[in-house]
Amino acid sequence: MDKFPESVIDMMSAGGSTVTCLPVQLGDDGAADNGHSIIENWQSAIFFRLGGAESQKDIQLLKNAQAAFSVGMETDIIEHENATVVMLRLQVFTQTDNPLIGEVLLTPGGAETHYEILGLLSEQQELTWFFSDQQYHMIHQQKQPLSQDWRDEFLALRSEAFKRDSLIRLAGKYSAQTAFAEIVSHYGLR
């Protein structure tokens, strides 16, 4: 059974995250590269890790899926005094009345990778979603087309965050880590 790429596992483990968006190279089969396939262009992709008793039904539904699930995405900018944080709120409708929900927080002014993620999302035609169990074994994968409106939204988010962070830097207050830590301190699992 395929696992998430080691770099994704390391990043998710280090940060304690259960959902993230990262730049990856997808193979010709659409799988995230583990060093075993022909590589195409870089793309941003979503990685969901499920675990615990509260996710068992979702895990079974994802493992047995024969088609893609409906997904939703909302974006927002959190204007912290020390940095701009871009939020991607993700919903996967494995269960109509109780979707999987995850939020990805990006500090494009502080992390080059986060800036790159938004740039890639503003250019790519589709978004690949990967799902794993608690041990990072892949249980489902699907693609979602990205319309021009969505690509424009990601570009606008990156641009707005960059402009705002430039002003914060001029004031000598910039600290992506401070903003990120304060926002994350308000999060909990469902």
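(A) Layout of the overall build of the protein. Check the secondary structure of the protein and you find 5 helices and 7 strands. Counting from the amino terminus, helix and strand elements in the protein follow one another as α-β-β-α-β-β-β-α-β-β-α-α. Here the protein has a C-alpha radius of gyration of 17 Å; the compact-globule value for 190 residues is 16 Å, and the two agree. Summarising its shape, the C-alpha atoms of the protein cover approximately 50 × 35 × 30 Å along the three principal directions. Classification of the 190 residues of the protein by burial places 47% in the buried group. By sequence separation, contacts in the protein at least 24 residues apart represent 60% of the contacts at least 6 residues apart. When the accessible surface of the protein is summed, it comes to about 9,900 Å², and 49% of that surface belongs to carbon and sulfur atoms. Here the protein contributes 13 positively and 26 negatively charged side chains, and the mean placements of these two sets differ by 3 Å.

(B) Quick look at the packing of helix α3 (residues 112-121) against helix α4 (residues 148-170). The contact between α3 and α4 brings their axes to 7 Å, and the two run at 150 degrees. In terms of axis orientation, α3 runs roughly antiparallel to α4. At the point where α3 passes α4, the crossing takes the left-handed sense. Listed contacts from α4 to Tyr 115, Leu 118, Gly 119 and Leu 121 of α3 are Arg 151, Phe 154, Arg 158 and Phe 162.

(C) Up close: the nonpolar core. Among the nonpolar cores identified, the biggest contains 28 residues, and Phe 48, Leu 90, Leu 121 and Phe 131 are the most heavily contacted of them. Looking at this core element by element, the count peaks at 4 residues for strand β4 (residues 84-92). For Phe 48, the residues in contact, after removing those within four places along its chain, are Phe 4, Thr 18, Val 19, Leu 90, Val 92, Leu 100, Ile 101, Gly 102, Trp 129, Phe 130, Phe 131 and Ser 132. Core analysis: the next-biggest nonpolar cluster, separate from the first, contains 12 residues, Leu 26, Phe 47, Tyr 136 and Met 138 among them.

(D) Quick peek at unusual backbone geometry. Residue Tyr 136 is not a glycine yet carries a positive backbone phi of 70 degrees. Checked against the element boundaries, Tyr 136 lands in the loop between β6 (126-132) and β7 (138-145). A relative accessible area of 7% places Tyr 136 in the buried class.

About the thresholds
- Along each chain, residue indices are assigned from 1 in the same order as the chain's sequence is written.
- Restriction of local features to residues with pLDDT of at least 70 applies here, the model being predicted, together with a cutoff of 80 or more for giving and counting side-chain atom pairs; totals for whole chains, interfaces and linings are based on all residues.
- Heavy atoms from the whole structure form the basis of all side-chain values; hydrogens and water molecules are not counted.
- Helix and strand labels come from DSSP, where a helix needs a run of H or I of at least four residues and a strand needs a run of E of at least two; each type is numbered from the N terminus.
- Computation of the radius of gyration draws on C-alpha atoms, with the globule rule given as 2.2 Å multiplied by the number of residues to the power 0.38.
- Working definition: with a 1.4 Å probe on protein chains only, accessible area under 20% of the residue-type maximum means buried, over 50% means exposed, and in between means partly exposed.
- Here a residue-residue contact requires only that any non-hydrogen atoms of the pair lie within 4.5 Å.
- Surface accessibility in these figures is a Shrake-Rupley result with a 1.4 Å probe; residues are shielded only by whichever protein chains are displayed.
- When charges are counted, neither His nor the chain ends are considered; positive counts come from Lys and Arg and negative counts from Asp and Glu.
- A single reference atom marks each charge: NZ on Lys, CZ on Arg, CG on Asp, CD on Glu.
- Fitting a line to C-alpha atoms yields each axis, with helices limited to the stretch in contact; the angle taken between N-to-C directions then spans 0 to 180 degrees.
- Should an angle fall under 35 degrees it is taken as roughly parallel, and over 145 as roughly antiparallel, whereas 65 to 115 is taken as roughly perpendicular and any remaining angle as oblique.
- By definition, any crossing whose near helix is turned counterclockwise from its far helix by less than a right angle is left-handed, and any crossing with a clockwise turn is right-handed.
- Put simply, buried Ala, Val, Leu, Ile, Met, Phe, Trp, Tyr and Cys residues joined by side-chain atoms within 4.5 Å make one nonpolar core.

No statement about biological role is implied by the geometric values presented.
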